Amino acid sequence: MPAMSFSDIAIVSCGTLSLELNFLKKEGFLGIAPLYFTTPGLHEDIHELERQLINRIQAAKEKSDKVIVVYGGKFCYVNADNPTRTMQTIIEEQGPDVVRIQATHCMDMIAGEIEREAIAREIAGGEKVWWMTPGWIQFRHKVFKGWDRGLANENFPRHTGGAIVLDGIGFMDGYMAQNPEAFLEYSDWMGIPIVPYSVTLDRLKSLLLEQALRFHPDRSG
């Protein structure tokens, strides 16, 4: 993986991925790049999502004229009232030096579709899986704001392969040890087992590097 400095780049992300991005900053991958986060789970409230996203981008621009947005393109923002208004539309309105990593949602940022299919075959025998990242555990009540057990029963049990948490930061071992009752209650509320699966953050790093190289094409070699 090529070396790249993020020192002149700011990053704006959904708060659901704050765990991974803070991990990458702590380990030095993102250097001194400032991080800005929206509230986790705003895919349930797209108008607030748009408001916060634009606000965070404007704040990021005060630190750097180059901004990478860490948001999915297909599932994170679905505007039923105006279907032609997409996440990419919002990003393009912010100017040429604001770019978005190319992924459909946060799970896709951690493991691509082919990798997820392989994991599903290994863990769930190819059955339908509800995918999560550690943020979906840490920020459960924000991600599922407004969900009651009835809504949970409508959505989760049809995922006969259970829920798989793509853990690239070693979060789940500590969480299950420190909060066993909360973990079991979460699984009971979903009506399906929750299984952690250890991965690397190599895909997220590659997606970030891909956009950083758009700002610094001279460093691609």
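All chains use their own residue numbering, which begins from 1 and follows the written sequence. It should be noted that, the model being predicted, local features are given only for residues of pLDDT at least 70 and side-chain atom pairs only at 80 or more, the latter also being counted only at that level, while totals for whole chains, interfaces and linings use all residues. Side-chain numbers here rest on the full set of heavy atoms in the structure, without hydrogens or water.

Undergrad: Tell me about the sheet that holds strand β4 (residues 98-100), residues and numbers included.
TA: Here, strands pair whenever DSSP counts at least two bridges between them. Runs of E in the DSSP output that reach at least two residues are strands. Runs of H or I that reach at least four are helices, and both are numbered from the N terminus. One open sheet accounts for 4 strands, arranged β2-β1-β3-β4; its pairing is parallel. Looking at which strands have only one partner, the edges of the open sheet turn out to be β2 (35-38) and β4. Taking each pair of neighbouring strands and ignoring which way they run, the sheet shows an average axis angle of 20°. Note that strand β1 (residues 10-14) and β2 share 4 bridges and pair parallel. Within the sheet, the bridge partner assigned to Val-12 lies in β2 and is Tyr-36. What makes two residues a contact is simply this: any of their non-hydrogen atoms within 4.5 Å. Simply put, an axis is a line fit to the C-alpha atoms, just over the touching stretch for a helix, and the angle between two N-to-C directions goes from 0 to 180 degrees. Most of the contacts of helix α2 (residues 46-61) go to β2, to which it runs at about 170°, and overall it touches β1, β2, β3 (67-70) and β4. Strand contacts of helix α11 (residues 202-215): β1, β3 and β4, with the helix running at about 155° to β3, the strand carrying the most contacts.

Undergrad: Before we move on, can you summarise the packing of aromatic side chains with the specific residues and values?
TA: Between rings of Phe, Tyr and Trp, where Trp is taken as its six-membered ring, a pair exists when centres lie within 6.5 Å; planes separated by under 30 degrees are stacked, by over 60 edge-to-face, and by other angles tilted. Counted according to the given criterion, the structure contains 14 aromatic pairs. Ring centres of Trp-130 and Phe-144 lie 6.3 Å apart, and the angle between their planes is 40°; on these two criteria the pair is classed as tilted. A residue pair is termed long-range when its members are at least 10 positions apart, and Trp-130 in strand β5 (residues 130-132) and Phe-144 in the loop between α7 (140-143) and α8 (149-155) qualify at 14 residues. Only protein chains enter the accessibility calculation, which uses a 1.4 Å probe; a residue is then buried when its area is under 20% of its type maximum, exposed when over 50%, and partly exposed in between. Of the residues examined, Trp-130 reaches a relative accessible area of 15% and is grouped as buried. Feature note: the residues Trp-130, Trp-136, Phe-144, Trp-147, Phe-156, Tyr-186 and Trp-189 constitute an aromatic cluster, connected by ring pairs. Above the face of the Tyr-186 ring, Arg-140 is positioned so that its terminal group lies 4.5 Å from the ring centre. To sit over a ring, a charge needs its Lys NZ or Arg CZ within 6 Å of the ring centre and within 35 degrees of the ring normal. Here Arg-140 stacks its cationic end above the ring of Trp-189, 4.9 Å away from the centre of that ring.

Undergrad: Kindly report on the pairing of β1, identifying the contributing residues and their values.
TA: Along β1, 5 of the 5 residues are buried, which leaves the element largely enclosed by surrounding structure. Of the strand pairs in this sheet, β1 and β3 are connected by 4 bridges, and their pairing is parallel. Bridge pairing in β3 links Ile-11 to Ile-68. Taking the sense of rotation as the criterion, the β-α-β connection linking β1, helix α1 (residues 18-26) and β2 turns out right-handed. Classification remark: right-handed applies to a crossover when, strands pointing away from the viewer, the course from the first strand over the helix to the second runs clockwise.

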